[in-house]
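The residues making up each chain are set out below.
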Amino acid sequence: MRFTTSVLGLAATASTAAAVSAANSGIKGFNYGAFFLNQAAKQQADFAYEFNRAKSLPGTSGWTNARLYSMIQWGTASDVISAIPAAIETQTSLLLGLWVSGSDQAITNEIAALKAAISQYGASFTNLVTGISVGSEDLYRDASGEIGLPAAKLIDCISQVRSAVAGTALAGVPIGHVDTYDSFLNGTNRAVIDNIDWLGFDGYPYWELTKPNSIGDAHERFYDGFNKTLALAGSKPVYVTETGWPVSGDTVGAAVPSKENARIYWEDIACSLIRSGVNLYWYDLQESQWGTASPDFGIYPAGDLGSVTANYDLSC
Ligand SMILES: *[C@@H]1O[C@H](CO)[C@@H](O)[C@H](O)[C@H]1NC(C)=O
Ligand SMILES: *[C@@H]1O[C@H](CO)[C@@H](O)[C@H](O)[C@H]1NC(C)=O
């Protein structure tokens, strides 16, 4: 049924929108939150500064893509997030995100901001969009008793987004959902997979304290989860939407944060995913800004991104 709907959707909009394939295409990017650690909203200049830093990293290149968690400017009800004009300014491609947990109003406000972005920025915005994620780790939080969404509610949000983009320049853009891989593997959530075009895999061996999770086991942990997700996804592409290893913070199980271990994880996981052309959104470029994250997954430490030095070597 989903297949039929999407084929009809593409046919109906072929004259106005070029369909974007959901297939993996070697995208490299980072995750970009809407606010700093002191809760201050990122402004256009802040997003542009981060996007430009990502485009000129030492030892690597091509990190010209941004995954967002929300369409809404932090601290407003439904204003368009200033990451959109920053992406246009810096020619950064976008995996859009809609934050759908918390209240039924959340999806309504996110869709309002998405539609406002389409009408305000037109093709200069829509040409940059490679995909849309409806939600982020909602199934995981729901199962852990935090503020999330169960599968049925999430599927309702996904169909609202499909309706909202129908007839717009984003009609052909593949719609997915990002979650922890064990949430996708949980049979309760099977119907979510049937309703999306791609799966966003979040996997952190660092947090897997019930299994061997030292840096020496990290390859096995990551690829065990990733392979199981690929098998479950069948013909649908799986993007790695979050992964990384912290440079500092608490030891979790056998996982020890350090710059050396973060480098080992990068060289193994980032470099192997890049070689296989999997769409990859690393976590993260910089976590500690106007505060100190613990654990801190940042490639860059706190401070002016234009002048601080990377915590580890990014070559492959
Ligand atoms: C699967 O998901 C359901 C619904 O969130 C949850 O109640 C259950 O505990 C999960 N099962 C496992 C093994 O995590
Ligand atoms: C994952 O799959 C690849 C390709 O089939 C295989 O070479 C690798 O051993 C698998 N890794 C794990 C940890 O299952």
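Our structure's up above, just so we're on the same page.
Residues numbered from 1 in each chain as written. Chains lettered and ligands numbered in written order. Predicted model: local features only at pLDDT ≥ 70, side-chain atom pairs only at ≥ 80, totals over all residues. Heavy atoms only, no water.

Topic: the site of ligand 1
So, step 1. Close contacts around ligand 1 come from Ala143, Asn186 and Thr188, and that covers them all.
So, step 2. One of the side-chain nitrogen or oxygen atoms of asparagine 186 is found 2.3 Å away from an oxygen atom of ligand 1.
So, step 3. With the chains in place, 36% of the 360 Å² that ligand 1 exposes on its own is no longer accessible. (Near = heavy atom within 4 Å. Polar contact = N/O pair within 3.5 Å; in protein donor to acceptor, adjacent residues only side chain to side chain. Areas by Shrake-Rupley, 256 points an atom, 1.4 Å probe, with all protein chains shown as cover.)

Remarks on the pattern of salt bridges
So, step 1. This structure, assessed with the given rule, holds 10 salt bridges.
So, step 2. Between lysine 42 and glutamate 50 there is a salt bridge, with its nearest N and O atoms 3.0 Å apart.
So, step 3. Look at glutamate 50 and you get buried, because its relative accessible area is 7%.
So, step 4. Salt bridges here are not isolated pairs; linked through shared partners, they connect Arg263, Glu267 and Asp313. (Salt bridge = Lys/Arg side-chain N within 4 Å of Asp/Glu carboxyl O. Buried < 20%, exposed > 50% of the residue type's maximum accessible area, 1.4 Å probe, protein only.)

Focus: the site of ligand 2
So, step 1. Residues in contact with ligand 2, as listed here, are Glu220, Tyr223, Asp224 and Asn227.
So, step 2. Between ligand 2 and asparagine 227 there is a distance of 2.3 Å, counted from an oxygen atom to a side-chain nitrogen or oxygen.
So, step 3. Burial of ligand 2 by the surrounding chains reaches 37%, relative to a free accessible area of 360 Å².

Section: the pairing of strand β1 (residues 28-32)
So, step 1. Of all 5 residues making up β1, 5 are buried, and the element is well covered by its neighbours.
So, step 2. Note that β1 and strand β8 (residues 280-282) share 3 bridges and pair parallel. Within β8, the position partnered with glycine 29 by the bridge is tyrosine 281.
So, step 3. The pairing of β1 with strand β2 (residues 65-68) spans 4 bridges and is parallel. Residue pairing in the sheet places tyrosine 32 in a bridge with leucine 68 of β2.
So, step 4. Traced from β1 through helix α2 (residues 44-55) to β2, the parallel crossover comes out right-handed. (Helix = DSSP H or I, 4+ residues; strand = E, 2+ residues; numbered from the N terminus. Pairing = 2+ DSSP bridges. Right-handed = clockwise from strand over helix to strand, strands pointing away.)

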